[in-house]
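Coordinates in review
The lines below spell out each chain.
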Amino acid sequence: MDSFAEPRKPIDNSISLADVRAQVHKLEAELHEKNIPLSGRIIQVCHYLPVTCAFARRSRPADIPSPPATPPAKTSDIPPSPVESQHADSDLPAPRSTGPETEAPSQWSISVRYGHSAMVSGIDSLAATHEQILIGWTGDIQASSSPVPPLAAQGGSGPSEPSTGKVPTSSLSEDDKKELETLLGEYKSRDEPQDGKKIHYVPVWLDDKDAHGHYDGYCKQTLWPLFHYLLWQDVATEYASADTHWAPYAAVNAAFARRVAEVYRPGDLIWIHDYHLLLVPSLLRQALPDAAVGLFVHTPFPSSEVFRCLPRRKEILDGMLGANLICFQTYSYSRHFTSSCVRVCGYEVTSRGGIDVQGHVAAIGYCPVGVDADRVAKDTLRPGIQPKLDALRALYEGKKIIVGRDKLDVVKGVVQKLRAFEKLLQDYPQWIGNVVLIQVTSPALTDSPKLERQVSELVAHINGEYGSLDFIPVHHYHQTIKKDEFYALLSVADLGVITPLRDGMNTTSMEFVISQERTKKSPLILSEFMGISSTMTEALQINPWNLSEVAAAMHRGLTMSDEEKTRRHQQLYKTVTTHTSQTWAAMLTKKLLERLGSQNMARQTPFIPKGELEKHYLKAKKRLFLFDYDGTLAPIVKVPSAAVPSKETLEALEALTADPRNVVYIISGRDGEFLEQHLGHIKNLGMSAEHGGFIREPGQTTWSNFTESLDMSWMSEVLEIFKYYTERTTGSHIEVKKSSITWHYRSADPEWGLFQCHQCQDLLENNLARKRPIEVLVGKKNLEVRPLAVNKGEIVKRILYFNPDAEFVFCAGDDKTDEDMFRALLLFPNGATKARLDPPLSVTLLAGSKEEAEKYQPVELAIERDAVFTTAVGHSSKRTLAVWHVTTPEEVVEHMLHLVSVAKEPGASSNL
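Just so it is clear, the model here is predicted, and its values are computed rather than measured. (Residues numbered from 1 in each chain as written. Predicted model: local features only at pLDDT ≥ 70, side-chain atom pairs only at ≥ 80, totals over all residues. Heavy atoms only, no water.)

This paragraph deals with the overall build of the protein. If you tally the helices and strands in the protein, you get 31 helices and 33 strands. For the protein, buried positions account for 53% of its 912 residues. The long-range fraction of contacts in the protein, counting pairs at least 24 apart against all pairs at least 6 apart in sequence, stands at 77%. Approximately 40,600 Å² of the protein is accessible, and the part contributed by carbon and sulfur atoms is 51%. (Helix = DSSP H or I, 4+ residues; strand = E, 2+ residues; numbered from the N terminus. Buried < 20%, exposed > 50% of the residue type's maximum accessible area, 1.4 Å probe, protein only. Contact = heavy atoms within 4.5 Å. Areas by Shrake-Rupley, 256 points an atom, 1.4 Å probe, with all protein chains shown as cover.)

See the structure below:
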């Protein structure tokens, strides 16, 4: 990324949900006017569904093995008791595929899944304006003790019966799965808008081994530590390879992508959430090329120096870059991601800050998440809170209360917080006996006995050093506390301290601000390494590693005047109640709609139709093939000299040139020496070097120079400028050709090289190019200066002029210089059916004299509009004048070989 660009825009605190929804409505109206399809649906792809599922096998007498152990009892009108039913069925195999009876109790029960409340409430709020399809894994299916009636299957807080274990997914029949899907179709969460659109819950069925290898393995042991600036060996209890669980991670992402493709309709917006599903955007881009796909990463994103340690770094980045828009919590995370794309993959940054991957541009943005402020405000009024609040006040009467609530996780900074509190008592002894720290640590997803022991020892040390019989400075509770206790604790606090070493969004800090609105309006200490620290600027922000700074901030917060407390609280409260989860979700919709209306997505170049290509090829008596070299016949490589043609490429060129009806040219920016070295042995292959500066006709050995009659004195001036930038850009070098000069910075630091390229380009265009007949071209990691009269388009016109009887043209290229070729082949303006070509400059320049040049007359071309196949190599969303596209150089070669093989088939000649 160009880190010398302008800084991020500040967060706008004046925005409201109504404003964002109005903007969304306006954007949708504009897109409808442009005939861009919109379905009114948003597909939200999350790792988990927001519900937990419990399953109890329904007793089915038909499944009892035969012969029975005891004679069958006589039929009775009295149904068996649930206990007897459960016992009779406990050891039975999975049921055969038979549909559930409508009157029978449901085998499934559904309850609310806790966690990710901000994301879920944001998605729910979108149902006010858009139909929602929420796709996610069911999670581990719990075994319930007995089936439940259909009406009771949607329990609000938990299964009706206690869980007795887990049900393997493999034991469920297709009918069992369909029964859950039907039940989910009727499910309605408590936060769904009353008069809104429907929210559909679509389960992804995963193999249990893959599901746990994905989540407990690659996500939690590799990606999560890395995104929080830890390497996998830092959190593993034994030797761990970062690649151990890659296969299940890829398999689960593929399963999610297939599920999305099944429910997708044209015009749907797709949002993919978090690091569990980073490969899904690319997989969807392949399956649904025209879909509008967004990716939101809820975790931090590390700097490129940390991210590049990941063995699968390129696969992860390429997976993410399949999205049209990638959003992060903060500007700094988006900058880290962009830098990783540039430094790790060598991709280029567009002028608007997007990442260009073979013509597909992924836009990069950021949008902070919030909490459901209305829901939290209502929760703080729960009747059970006030008695607990009064009890806490009485218990710690006369003492200041510092509150912290974190997961007991290595990145949450609990150890650093305790040491900072000890530093407070050490540096400010007046607080001994007058302040207590109530630290609640909820159990983390994975147990860490070492961390638990370290925290316990530190608490015991502080209490032993600074406590007494009537004073305990630290009260540590390692447990999940109830909601009433949690809000009572936040409300009674004189100071909130939340100091993770790395964190994305932290809901506790926002809940603290809302809880304090009706009580003390106490200050808040936040770590500067949190994603939300950039929006909550009125909090006391600290470096959690600097214990003296944290202790001083604690002292300042405890002694802060009421006026300053109120002022800071009002600003924080405005931020928290403005940037809510609902506003965040609406903003994501707005950003993706804006992206949908951009030029890059408005026109999708279709993939070249092999059938049409074959038909026109066989029909034509004379055919022209015009190929760029780098990026078209050979992939782009870091060392230009290593871009040698593959065996298949040489085979295809030799086969094409062997047919007397084919005229084949390589039109490259390379010099003639390189082309002759690698392709000169192919008989009847025409070549043009240095972007049209030189040409060697098929069957000849000498080169014609188009620049002989041009003023080339500018080259010495450009060379001096390039030398200046080469001295200041380590890893760059100059390539001097006969008709042009190129400055390469592919081996330089990507960010510095791009910055220097922009500076050099500005100098050339605003000074030299105004006085000299030259043009400046920005290529892939290079800057080229060439004469105005020379380009690939002029060569294409020359070839057409001398081959007016050609009835088929195939032209392929991948970069900006190849657009000149595509422009030259726009032969049928305003619906014309016949093409006429005036003598091009590339013909008259070699005429020798003015009289000779005047002898050339306009020619009528035999070509028809549908027989011109201009083909861009790259993504379908690449901005190009070409009519068709292929994705890779290998596909260009594949099409060439296909045409050759088709022409050799028996009966092919009869079509001519």
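Further notes follow.
For the structure shown, the criterion picks out 33 aromatic pairs. Aromatic side chains F227 and Y275 sit 6.3 Å apart centroid to centroid with 70° between the ring planes, which places their arrangement in the edge-to-face category. One end of the pair, F227, is in helix α5 (residues 208–227); the other, Y275, is in the loop between β8 (269–273) and α8 (280–287), and 48 residues separate them in sequence. The pair F227 / Y275 is uniform in exposure class, with both members buried. With 5.7 Å between their ring centres and 80° between their planes, Y617 and F808 make a pair best called edge-to-face. Of this pair, Y617 sits in helix α22 (residues 610–619) while F808 sits in strand β29 (residues 808–813), placing them 191 residues apart in sequence. For the pair Y617 and F808, one class covers both residues: buried. Taken together, the aromatic side chains of F227, Y275, F301, F307, F328 and F337 make up a single cluster linked through ring pairs. Directly above the aromatic system of F486 lies the positively charged group of R405, at a separation of 4.4 Å from the ring centroid. One Lys or Arg, K738, reaches over the ring of F694 and ends 5.7 Å from the middle of that ring. (Phe/Tyr/Trp six-rings, centres within 6.5 Å; stacked < 30°, edge-to-face > 60°. Lys NZ or Arg CZ within 6 Å of the ring centre and 35° of its normal.)

So, about the side chain of S732. Here S732 is to be found in the loop between α25 (714–727) and β25 (733–736). In terms of polar contacts, S732 uses its side chain to reach the backbone carbonyl oxygen of T729, at 2.7 Å. Of the polar contacts made by the side chain of S732, one reaches the side chain of W743; its length is 3.4 Å. If sequence neighbours within four positions are ignored, S732 has contacts with Y725, T726, W743, H744, Y745 and A748. (Polar contact = N/O pair within 3.5 Å; in protein donor to acceptor, adjacent residues only side chain to side chain.)

As summarised here, the arrangement of the six strands in space is β16-β15-β14-β17-β18-β19, forming an open sheet in which the pairing is parallel. Strands with a single pairing partner mark the edges of an open sheet, and in this sheet they are β16 (474–477) and β19 (540–542). Neighbour-to-neighbour, the strand axes of the sheet open up by a mean angle of 20°, direction not taken into account. Pairing geometry for strand β15 (residues 435–442) and β16, over four bridges, is parallel. Following the sheet pairing, L437 is matched in β16 by V474. (Pairing = 2+ DSSP bridges. Axes fitted to C-alpha atoms, helices over the stretch in contact; angles between N-to-C directions.)

It is worth spelling out the pattern of salt bridges at this point. The full count for this structure, using the stated rule, is 44 salt bridges. We note a salt bridge from D140 to K166, for which the minimum N-O separation is 3.3 Å. Of this pair, D140 sits in the loop between β4 (131–137) and β5 (141–144) while K166 sits in strand β6 (residues 163–167); the two residues are 26 residues apart in sequence, bridging distant segments of the chain. With a shortest N-O distance of 3.2 Å, R798 and E697 are connected by a salt bridge. Within this pair, whereas R798 is found in helix α27 (residues 792–802), its partner E697 is found in the loop between β23 (694–696) and β24 (704–705), the two being separated by 101 residues in sequence. For R798, a relative accessible area of 10% gives the class buried. E697 gets classed as buried once you look at its relative accessible area, which sits at 18%. Residues joined in a network through salt bridges with shared partners are E775, R786, D820 and R823. (Salt bridge = Lys/Arg side-chain N within 4 Å of Asp/Glu carboxyl O.)

With that settled, the discussion passes to the sheet that holds strand β1 (residues 41–48). As summarised here, the arrangement of the nine strands in space is β7-β4-β1-β8-β9-β10-β13-β12-β11, forming an open sheet in which the pairing is mixed. Of all the strands in the sheet, the pair left with one neighbour each is β7 (199–204) and β11 (348–349). Two elements, strand β9 (residues 292–296) and strand β10 (residues 325–328), share three bridges in a ladder whose sense is parallel. The residue of β10 that forms the bridge with G294 is L325.

Positionally, I525 belongs in strand β18 (residues 524–527). Separated by 25 residues in sequence, I525 and V550 place their C-alpha atoms 8.3 Å apart. Excluding anything up to four places from it in sequence, I525 contacts L495, G496, V497, I498, T499, L540, I542, A553 and M554.

All right, on to a negative patch on the surface then. Together, E648, E651, E654 and E890 give the surface a local cluster of negative charge. Relative to the helices and strands, E890 is located in helix α31 (residues 889–904). (Patch = residues over 30% accessible without salt bridge, like charges linked within 9 Å, V, L, I, M, F, W, Y side chains within 5 Å. Lys, Arg positive; Asp, Glu negative; His and termini not counted. Charge placed at Lys NZ, Arg CZ, Asp CG, Glu CD.)

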